[in-house]
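Each chain is listed here by its residues.
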Amino acid sequence: MKLLSRTVQNYVIFSALLLIISTPVFYFSIQRLFVHELDKELISHKSEFYQIIPLLKTESELEFFRLMNDEFILREGQPISRKDSIYSATLYNEKEDDMQAYRILNTRVEIHGKPHLLQIRESLVSTKDLVTAIVAIQVFLISILLAGLAIINRKLSKTVWGPFYLILDRLKRYQIDRDTSIDLPRSSTAEFRDLSAAITQLVERNREAFQNQKEFTENASHELQTPLAVCRTKLELLAQTKELTEQQAELVGSLFHGVERISRLNKNLLLLSRIENRQFLEIEEIDLLSVANKYLDLYRSHLQDKGLQVKCSIDEHATLKANAVLLDVLMSNLITNAVRYSFEGSTIILEGTRDYMLVSNSGEPLKNPEKIFERFHRESRIEVGNGLGLSIVKKICEVKGYQLTYHYRDSMHHFKITFGG
Amino acid sequence: MKILIVEDERELVKSIVQYLRHESYICEVAYTAADAEEKLLIHDYDCILLDITLPDGNGLVILEKLKKAGKLEGVIIISAKNSIDDKIKGLNLGADDYLPKPFHLAELGARVSAVIRRKRFEGNNTLSFHEITVDLLGKTVSVGGKVVDLTRKEYDLLLFVISNKNRVVTKNAIAEHLSGDDADAFDNFDFIYAHMKNLKKKLVEANCPDYIRTVYGLGYKFEA
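Student: Teacher, can you tell me more about the overall build of chain B here?
Tutor: Looking only at helices and strands, chain B features eight helices and 14 strands. Residues classed as buried in chain B amount to 54% of the 224 residues present. When contacts within chain B are restricted to residue pairs at least 6 apart in sequence, those whose partners lie at least 24 apart make up 58%. Carbon and sulfur atoms form 49% of the exposed surface of chain B, whose accessible area is close to 9900 Å².

Structure follows, in structure tokens:
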């Protein structure tokens, strides 16, 4: 839920609750106030009537008064309580031919020495209308208040929260391996200024750590190259020694083999960090089929050794714009991988157009297929590779924006690279 | 035949000198660019091994100076900077060959002898060893005048061991020479064994003595 919606939601809930509770409270208290006023009026009418009584000397004068004031009703000869009573009732109104709510005062008066019941009525209709109007106005005002709140909040989110969303957007787009620094907007709001400063600092520190790590790998493997080369050449010279016994020759051979493996590992690490550092930028038009054929030709002996067939159906005119070195590495690593892990006597399938290339080879299903592109991941310790080949493939795809997918189907491993983009 | 090695890594230089001495090459060494320039002013060399990264300057500058002086033939760039950029620049400036570090001494030996052959025996591009004659242009091999039918890999293999004759050539070096940089990724040298067996068989069938000796656990040695 958005920050704005959350705030507005709270406002709305509070206002609605207030509206629901306050409306009846408001209604009833105003009504009570009015009824109280009416009662006071009825009592004042009663005292007025007392002043009039001495003026009504004859029976006809009394009748005249009755006709003139229909809110006063006089009845004779009823058992009348000595106490006054005030109550509300709905009575028939002859004039309007309708039932109407009234406030009624019953009291006992003596006219010409006879006890009479005096009933004074006041219509409640106008009171009700007034109360309804007041409540309606209140509801209307609260609604306007709510709408105003929503509009103001929306505006605030666009202006006041603007820098925040801008910072968020920049952060989302920031890529540590590509962008050198993060450019955050200046804000006049202190909190956002602090946020910007904190983020900039954090990003700076992270980038430094990332850079150090990257440089370390590259420097370390670079520095290893020379001593490794020295080791290798010295061993080659040792192999030339005339008096070398068979046992010694085998020892030298094993040492040589070990040094070769370190060299290869080192070379691949260096390649990996060079790809990460985006050092392969030259783009040229490359014929996919000729690259594939180059490596199939180089590895022909290995293919023959394992009795492997190759079914290559790469389009003859499949050319794409790519970096020649990286495409070579991609092709060579995928084919090497296929040759290495295929069952003897099986078939390796190569497919390709200008949009994609697919390398499929037979093999046991993987125990951890999700780890296949991880550095130094090997399915078993017996494997001969150094566990970098496929992570180099993945890194190249990442850097060049190719899509790399792996799946296992029909007892075959399928590696697909979609170029494009 | 005189070779100048321009390289600042002393241990590597020592190894190169020791390895090439077998071929009766005379090696001179320059550890710095200034040293190299001085030597180049005084002497002529058949082959120059040139490192690109030198403590006191870029090896490519020396290459440019050599080009101006018209002494370009026989330059092999050896560089740890395994970048394509250097290779293209170096070859554009007229270097004969480019060998990225780390390299096998056997590979260096083969490249050096190729460069010297090109320089010394212009027009006459053959290489002989007793009854074996290798036609470098036609890429054919004959024993006692009779052509032996070799595959391209077998031809490459023979040329490689002859270029490093009297020295042990390791299986790794052969694998890299035959199948390129990534060949050792397989850690399997059976294919070399197969090629070598076929080559030896064909030579022996052509009445050639078996000059290729197997050095157990290490590789092969071509010697009379």
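Student: I tried to follow a nonpolar patch on the surface on my own but got confused; where do I start?
Tutor: A contiguous nonpolar patch, built from Ile13, Leu17, Ile20, Ile21 and Val25 of chain A and spanning about 490 Å² of accessible area, is present on the exposed surface. Take isoleucine 20 of chain A: it is sitting in helix H1 (residues 3–52).

Student: I'm lost on the interface of chain B and chain A in this one. Help?
Tutor: When the parts of a complex come together, some accessible area is lost, and that lost area is often used as the size of the interface. Contact residues are listed per partner, giving 43 residues for chain B and 38 residues for chain A. Overall, the association of chain B and chain A removes approximately 3700 Å² of surface from exposure, summing both partners, and the carbon and sulfur fraction of that is 55%. Across the contact surface, chain B and chain A share one salt bridge. Two residues, lysine 234 of chain A and glutamate 11 of chain B, come together in a salt bridge whose shortest N-O distance is 3.1 Å.

Student: Sorry, what's going on with helix H7 (residues 171–179) of chain B here?
Tutor: An α-helix turns once per 3.6 residues; consequently, residues spaced three or four apart project the same way. Along H7 of chain B, the residues that are buried comprise Asn172, Ala173, Ile174, Ala175, Leu178 and Ser179 of chain B. Immediately beyond the C-terminal end of H7 of chain B, within one or two residues, lies glycine 180 of chain B, with a positive phi of roughly 80°.

Student: Explain the sheet that holds strand S2 (residues 26–30) of chain B to me, please; I cannot follow it from the model alone.
Tutor: Strand pairs in the sheet, formed through backbone hydrogen bonds, run parallel or antiparallel to each other. All names here are of chain B. Here five strands make up an open sheet; going across it, the order is S2-S1-S3-S6-S7 and the pairing parallel. Edge positions in the sheet fall to S2 and strand S7 (97–100), since each of these pairs with one other strand and no more. Each adjacent strand pair in this sheet contributes to an overall mean axis angle of 20°, direction not counted. The sheet contact formed by strand S1 (residues 2–6) and strand S3 (residues 47–51) spans four bridges and is parallel. Across the sheet, residue leucine 4 finds its bridge partner in S3, namely isoleucine 48.

Student: What's the story with the pattern of salt bridges in this structure? I'm lost.
Tutor: Between side chains of opposite charge, a pair can form when the charged atoms approach closely. Counted by the stated rule, this structure contains 26 salt bridges over all chains. Taking the shortest distance from any N to any O, the salt bridge between arginine 375 of chain A and glutamate 276 of chain A comes out at 2.7 Å. Remark: glutamate 276 of chain A occurs in helix H6 (residues 246–276) and arginine 375 of chain A occurs in the loop between strand S9 (356–362) and helix H10 (389–400); sequence separation between them is 99 residues. Looking at arginine 375 of chain A, the relative accessible area reads 36%, which means it is partly exposed. Between aspartate 51 of chain B and lysine 101 of chain B there is a salt bridge whose closest N-O contact spans 3.4 Å. Placement of the pair is aspartate 51 of chain B in strand S3 and lysine 101 of chain B in the loop between S7 and helix H5 (105–120), with a sequence separation of 50 residues. With a relative accessible area of 1%, aspartate 51 of chain B lands in the buried category. The class of lysine 101 of chain B is buried, set by a relative accessible area of 13%. Here the salt bridges share partners, and the residues they tie into one network are Glu276, Arg375, Lys394, Lys395 and Glu398 of chain A.

Student: Even after reading the chapter, I still don't get the sheet that holds strand S1 (residues 72–76) of chain A, so can you show me in this structure?
Tutor: Residue and element names in this part refer to chain A. Spatially, four strands are ordered S1-S4-S3-S2 in an open sheet, and the strand pairing comes out antiparallel. Unpaired on one side and paired on the other, S1 and strand S2 (85–93) mark the two borders of the sheet. Sheet twist, expressed as the mean angle between neighbouring strand axes with direction ignored, is 35°. Direction of pairing for S1 relative to strand S4 (residues 114–123): antiparallel, over a ladder of five bridges. Pairing of arginine 75 across the sheet is with leucine 117, part of S4.

Student: Would you mind going over the environment of asparagine 277 of chain A with me for this structure?
Tutor: Residues and elements named next belong to chain A. Structurally, the position occupied by asparagine 277 is in the loop between H6 and strand S5 (284–287). When its relative accessible area of 22% is taken as the criterion, asparagine 277 is described as partly exposed. As for asparagine 277 and arginine 178, which are separated by 99 residues in sequence, their C-alpha atoms are 9.0 Å apart. Ignoring anything within four residues of it in the chain, the contact list for asparagine 277 reads Lys214 and Glu218.

Student: Teacher, can you tell me more about the side chain of histidine 195 of chain B here?
Tutor: Its place among the elements puts histidine 195 of chain B in helix H8 (residues 190–205). Note on histidine 195 of chain B: relative accessible area 13%, which makes it buried. At 3.2 Å, the side chain of histidine 195 of chain B and the side chain of serine 301 of chain A are in polar contact. When neighbours within four sequence positions are excluded, histidine 195 of chain B is seen to be in contact with Ser301 of chain A together with Lys153, Glu154, Leu157 and Leu178 of chain B.

Student: Explain helix H3 (residues 125–159) of chain A to me, please; I cannot follow it from the model alone.
Tutor: With 35 residues, H3 of chain A should reach 51 Å at 1.5 Å per residue; the first-to-last C-alpha distance of 51 Å fits that figure. Those residues of H3 of chain A not exposed but buried are Thr127, Val131, Val135, Gln138, Ile142, Asn153 and Ser157 of chain A.

Analysis parameters
Residues numbered from 1 in each chain as written. Chains lettered and ligands numbered in written order. Predicted model: local features only at pLDDT ≥ 70, side-chain atom pairs only at ≥ 80, totals over all residues. Heavy atoms only, no water. Helix = DSSP H or I, 4+ residues; strand = E, 2+ residues; numbered from the N terminus. Buried < 20%, exposed > 50% of the residue type's maximum accessible area, 1.4 Å probe, protein only. Contact = heavy atoms within 4.5 Å. Areas by Shrake-Rupley, 256 points an atom, 1.4 Å probe, with all protein chains shown as cover. Patch = residues over 30% accessible without salt bridge, like charges linked within 9 Å, V, L, I, M, F, W, Y side chains within 5 Å. Salt bridge = Lys/Arg side-chain N within 4 Å of Asp/Glu carboxyl O. Buried area = accessible area lost by both parts, 1.4 Å probe. Pairing = 2+ DSSP bridges. Axes fitted to C-alpha atoms, helices over the stretch in contact; angles between N-to-C directions. Polar contact = N/O pair within 3.5 Å; in protein donor to acceptor, adjacent residues only side chain to side chain. Expected span 1.5 Å × (residues − 1).

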